[in-house]
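# Analysis of the macromolecular model
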Amino acid sequence: MAEHQAEVTAAEIARLAGVGRAAVSNWRRRHADFPRPVGGTETSPSFALADVETWLRGQGKIAELPLRERVWQQLAAQAEGVVPALVRIGSVLLVVRDHPDLWQGLAGRPEAELVELLPPLVDHALDSRLGRDRPVHTPTGRELASALPLVRAAVELAADLGARQTYEFLLGRHLDANPRLYTLTPPGLAELMATLAGPVVHTAAAGQRPSVLDPAAGTGALLRAEALPPAHPAVLYGVDSDPGQAALTALRLALESEAAIRVAAVDSLRSDPFPELRADAVLCHPPFNERDWGYDELSYDARWEYGLPPRVESELAWVQHTLARLRDGGGAVLLLPPAVASRRSGRRIRAELLRRGALRAVVALPAGVAPPQSVPLHLWVLRRPGGGTAAMSPGGPEVLLVDVSALPTAGADGAEWQSVRNAVLEAWESFERATGAGGTPVARGRRRTTGGVDTGTAVPLSRVVPVLELLDDDVDLAPARHLPSSAGAGGLAELGELSSRLSDTLRRTVELTPPPPPAEAASAQSGPAVRWTTTTVGELARTGALVMRAGGAGAVEGQVRVLTDQDVLAGTGPTGAAALLAGEQGEEAVLLREGDVVVPVFGGGSVARVVDADTAGAALGRNLQVLRPEAAALDSWFLAGFLRGSANARQASSYASTAARLDVRRLQLPRLPLAEQRRYGAHFRELAAFEEALRQAGRFGDQLVRGLHDALTDGTLPPEA
């Protein structure tokens, strides 16, 4: 089968050359010989890889295309599609991983001989790891012959990276290139769900291998999170209705884990492939809001122990399916939309789950930790009743409700996500210890911060609620509706502390208020304006007085904070998180230094911020420019102060569609000696301190007003007080 011509987008060209996308746009404008588009659209064209590689080499921008980029482009150009090609690559890599010496003996064989010898070897490897009823079929000699150049290239890459890492790289590229085709569960969230489900190594029945099931496995993220030690080999069961995803997941797990892998390509609800399974743990990120989930044909199914799920409540069908596949005392964790906790159509099933002790906790997560990014999803933690596990306290059954939806996070990765994760686990472990030992769980809270500033009030994050309190007409399990207000949780003492901090801040704003201009300056206002000799940021960059860099994604070592454009506009510390692996091909992230000046590109305002010691080390986010002045030529505060001039920003701004864009290179500032710059810079620094004091007073004032409202409405503060 002939291969299609490999094509690359502008973003992929930038990755090949190790530059930003803006550089590729500049090359297209400035170089008449840059390759012409061969596909794509007008706004997102694609180019022939061979032509691009030749041009980049001719310009001295790359010496040779990296092997993994070559393999990926070859994979993306497969006429049969990426998924079938990935399945064949994964099947051969399984042989290479388990028998590296055998492959070395085969690698030099002629093509005709190789395609005859490989299928039985692949068949044996697949049977031994995936069983006979597997979603991956053994490729025929003809199929291998058409993909042999790609398979050889992938095996060559595996010699450098390893078989598992090679497959993860290629699969990851495919997932990144097709975000709308797959619903992904981020690794950090998957790890949290696996932890909440419980330690399956210690809870498996004596003499049996621990077992974990994901009935809606997708790309296998949840099963990968069950990292069991080799001394306790597990059986990982996965099901997905899409045959391609099931095959990719089976190979992914087989290459990564020593566990026995059993994956089926069917619909779990309509055609359960493991009806006799009683797993130690079940993890599930099911499809949301399905209407055609099998309501009519499954009305009398034995799995509906807690009631027939309504037609519009497919999620409650998944909840009961997971409980039916658990052994007594086993744990399950599901990621669900928040409406499942409150919809009236599901209240009877929710009530039955509570009465029988099957539902142990509901956790409200921040928006953005998993798709859909705009919705604050919930985690439901379940235990199948029985098995001698403690399901209730002596005082009656209880449920843990946790609300971390207001905690800041930029996704299920990074330092902020770790704070969310730790808050959830702290509440859960306290609840588990107390209910298991007959104690009383302690309500958990966290200090409230606004814009990175501790406001002094405690935000309640969790509460252990008696089941009887929830069994009303609505059986509403949304955590926010059952947690006390900050005033009720922390008492009036914290409101008093907040009021005191506000008073101190207001006094500071008075002290920092700039004095009125002297009378002689006011009388001279009608005279001619000062005429400075000016220069532009672009000219200063050309002469080396400063360095300009644009923000955006790049390779970093580990996790770093990211200063976003919203952080700059709001005057807060870095709130973003970089989920980027070291060593990725692409432009390196811009790490900020103390004294840098950061300017937002969009917004139409006059904003410039000098980086302080607390922000230094963070990565520069998108839609930001950083100016790094040469200390011997430019004062940072002088530079930032003049860049903030309103007239200066207006003359350097233009409008693209409905958004104003600032051309930082056109911003002007006067040519002044360094000593004079520092005099101006000292005044600009004082203005910045005054501005920050005003901003902080506003934060404290807003928090105090909210707290007083809460205290009055919940009875904590009587009106006569």
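Details of the structure are given in the entry above.
Residues numbered from 1 in each chain as written. Predicted model: local features only at pLDDT ≥ 70, side-chain atom pairs only at ≥ 80, totals over all residues. Heavy atoms only, no water.

### Notes on helix α9 (residues 163-177)
Cut-off, in case you're wondering: Only DSSP runs of H or I with at least four residues qualify as helices, and only runs of E with at least two residues qualify as strands; both kinds are numbered from the N terminus onward. Any helix carries an expected span of 1.5 Å times its number of residues minus one. For the exposure calls, accessible area comes from a 1.4 Å probe over protein chains only, and a residue counts as buried if that area is under 20% of its type's maximum, exposed if over 50%, partly exposed in between. Contacts: residue pairs with any heavy atoms within 4.5 Å of one another.
Taking 1.5 Å of rise per residue, the 15 residues of α9 would be expected to cover 21 Å, and the 21 Å separating its terminal C-alpha atoms lies within 8% of that figure. Along α9, the residues classified as buried are Ala163, Thr166, Tyr167, Glu168, Phe169, Leu170, Leu171, Arg173, His174 and Leu175. Buried positions along α9 lie against α1 (10-17), α4 (67-76), α5 (82-98), α8 (141-161), α12 (221-225) and α13 (243-256).

### Focus on the packing of α5 against α8
Between two packed helices, what matters for the description is the angle formed by their axes and the separation of those axes. The criterion, for reference: Every angle, taken between N-to-C directions, lies between 0 and 180 degrees, and every axis is a line fitted to C-alpha atoms, over only the stretch in contact when it is a helix. For classification purposes, angles smaller than 35 degrees are called roughly parallel, those larger than 145 roughly antiparallel, those between 65 and 115 roughly perpendicular, and all remaining angles oblique. Take the far helix as the reference: if the near one is turned anticlockwise from it by less than a right angle, the crossing is left-handed, and if turned clockwise, right-handed. Classification convention: Asp, Glu, Lys, Arg as charged; Ala, Val, Leu, Ile, Met, Phe, Trp, Tyr, Cys, Pro as nonpolar; all other residues, Gly among them, as polar.
Where α5 meets α8, the closest approach of the two axes is 9 Å, and the angle between their N-to-C directions is 55°. Relative to α8, the element α5 lies oblique. The crossing of α5 and α8 is right-handed. Contacts between α5 and α8 involve Ala85, Arg88, Ile89, Val92, Leu93 and Val96 on the former and, on the latter, Glu143, Leu144, Ser146, Ala147, Leu150, Val151, Ala154, Val155 and Ala158. When the residues that make up the contact of α5 with α8 are grouped by side-chain class, the tally is 12 nonpolar, one polar and two charged.

### Quick look at the pairing of strand β19 (residues 597-600)
Basically, it comes down to this: One bridge is not enough; two strands pair if DSSP finds at least two bridges between them.
Because side chains alternate across β19, one face comprises the buried residues Val597 and Val599, and the other comprises Val598 and Pro600, equally buried. Sheet topology note: the β19/strand β20 (residues 609-610) ladder contains two bridges and is antiparallel. Residue pairing in the sheet places Val597 in a bridge with Val610 of β20. In terms of strand pairing, β19 meets strand β22 (residues 624-629) through four bridges, oriented antiparallel. Directly across from Val598, in β22, lies its bridge partner Val626.

### Some thoughts on the sheet that holds β19
Read from one edge to the other, the open sheet built from four strands follows the order β16-β22-β19-β20, with strand pairing classed as antiparallel. Of all strands in the sheet, those bounded by a partner on one side alone are β16 (546-550) and β20. Looking at chain direction, β16 and β22 are connected through five bridges and run antiparallel. In the sheet register, Arg549 faces β22, and the bridge partner there is Val626. Those strands touched by helix α22 (residues 636-643) are β16, β19, β20 and β22, and its axis lies near 15° from that of β19.

### Observations concerning the sheet that holds strand β11 (residues 398-403)
Strand order in the open sheet made by the nine strands is β6-β5-β4-β7-β8-β10-β9-β11-β14, with mixed pairing throughout. Edge positions in the sheet fall to β6 (260-264) and β14 (462-466), since each of these pairs with one other strand and no more. Going from strand to strand, the sheet's axes swing by 15° on average, the running direction of each strand aside. Across five bridges, strand β9 (residues 359-364) lies against strand β10 (residues 378-383) in antiparallel orientation. The residue bridging Leu359 from the neighbouring strand is Leu382, located in β10.

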